[in-house]
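Remarks on the overall topology
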Amino acid sequence: MTALAATAERLDQAIRTATATHQMPEAEQFDAATGYAVQAMGIELRRRRGERVIGVKMGLTSRAKMAQVGVDEVTWGRLTDAMRREEGGSLVRADFIHPRAEPEIAFILKRRLTGTVSLVEAALAIEAVAPAIEIIDSRYENFRFSLGDVVADNSSSAAFFLGPYARPDLDVANLGIVLSIDGRPREIGSSAAILGHPLRALVAAAEMTARAGHVLEAGDIVLAGAATAAVPLEAGMQVEAEMQSLGRVGFSVV
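Attention here is on the structure that accompanies the text.

Here we come to the overall build of the chain. Tallying secondary structure elements over the chain gives six helices and 13 strands in all. For 254 residues, the compact-globule estimate of 2.2 N^0.38 gives 18 Å, and the chain sits close to it at 17 Å. Referenced to the eigenvectors of the C-alpha coordinate spread, the extents of the chain come out at roughly 50 × 45 × 35 Å. Expressed as a percentage of the 254 residues in the chain, the buried residues total 56%.

In spatial order, the strands read β4-β13-β12-β8-β9; together these five strands make up an open sheet with mixed pairing. Each edge of the open sheet carries a strand with a single partner, namely β4 (90-91) and β9 (184-190). By the bridge criterion, six bridges tie strand β12 (residues 238-243) to strand β13 (residues 247-253) in an arrangement that is antiparallel. Residue pairing for β13: Val-239 is matched across the bridge by Phe-251.

Although it is not a glycine, Ser-155 sits at a positive phi angle of roughly 55°. On the secondary structure map, Ser-155 appears in the loop between α5 (147-152) and β7 (157-162). Since its relative accessible area comes to 4%, Ser-155 is described here as buried.

Here β12 shows one buried face, formed by Val-239, Ala-241 and Met-243, and one open face, formed by Gln-238, Glu-240 and Glu-242. Two elements, strand β8 (residues 176-181) and β12, share five bridges in a ladder whose sense is antiparallel. What sits directly across from Val-178, in β12, is Glu-242. Counting the residues in the hairpin turn of β12 and β13 gives three residues, including Ser-245, whose phi is positive at 70°.

This next bit is on the pattern of salt bridges. Note that side chains of opposite charge can pair when their charged atoms are close. A full pass over the atoms with the stated rule returns 13 salt bridges. Of the charged contacts in the structure, one is a salt bridge between Glu-207 and Arg-211, with a shortest N-O distance of 3.6 Å. Separated by four residues within a single helix, Glu-207 and Arg-211 lie in helix α6 (residues 198-211), roughly one turn from each other. On the basis of relative accessibility, which here comes to 32%, the residue Glu-207 falls in the partly exposed class. For Arg-211, a relative accessible area of 63% gives the class exposed. Of the charged contacts, one joins Glu-242 and Arg-248 as a salt bridge, the two residues approaching to 3.5 Å between their closest N and O atoms. Several salt bridges share partner residues, and in doing so they unite Asp-12, Arg-16 and Arg-49 into one network.

The rules we used
- Residues numbered from 1 in each chain as written.
- Predicted model: local features only at pLDDT ≥ 70, side-chain atom pairs only at ≥ 80, totals over all residues.
- Heavy atoms only, no water.
- Helix = DSSP H or I, 4+ residues; strand = E, 2+ residues; numbered from the N terminus.
- Rg over C-alpha atoms; globule rule 2.2 N^0.38 Å.
- Buried < 20%, exposed > 50% of the residue type's maximum accessible area, 1.4 Å probe, protein only.
- Pairing = 2+ DSSP bridges.
- Salt bridge = Lys/Arg side-chain N within 4 Å of Asp/Glu carboxyl O.

From the geometry alone we can't say anything about function, so treat these as descriptive.
Right, here's the structure in full:
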């Protein structure tokens with residue numbers, strides 16, 4: 001087994017057992033390109049267990065998120081069907097290491113979107129828009145990592161909830177977003193924090209995934225990235241994200 005394959009196996013074990021693993025030693029840290037190779041190996045392990053890739057998530061698309069984790073480059077990761085949770089349902093805290101919730105805008109595609117595309121081309125590829133909450137859960141100890149580390153770890157993606165679908169031409173440029181815990185606002189932001197406009201995240205998704213040989217297909221879900229800092233989750237919490245003109249999405253932590 002190569003060193004990269006061993007890293008993918010170690011991260012996969014951390015996911016399956018909800019047990020934190022160590023970061024790469026500084027002398028052995030790899031770059032983002034190598035991290036994406038490890039990410040692909042980890043997703044292949046999950047495919048062999050029957051999981052199916054249904055889209056991608058964009059990560060670190062806001063200044064708040066970059067500052068929170070100390071990384072300054074947009075990343076992406078894959079979404080699988082096993083990661084999707086039922087809106088209004090529950091999230092089992094024990095299934096994760098140190099989960100955090102962040103509000104996002106989700107795009108559902110109606111056609112293939114890959115390579116260098118314009119904002120207009122990206123908009124024309126959208127079937128629907130929806131409010132979403134992504135659960136991030138770095139598999140590394142203390143939620144600390146380098147850029148290569150986080151990319152290898154599927155950009156910390158762990159689960160996600162989608163709210164009701166809205167029409168594709170809805171203007172998402174500057175929507176107010178409130179993430180509440182137990183009915184009290186915890187994080188407040190705007191969709192404009194997502195690369196200045198969430199559609200830019202979709203453009204980035206088409207280009208960045210194409211570089212790795214991954215194609216966004218009709219029916220795929222693209223999470224545009226968080227507009228606020230993420231909130232740590234504990235059992236007993238009721239979590240809800242409300243987005244102007246889009247609606248609400250929520251769940252309970254058990």
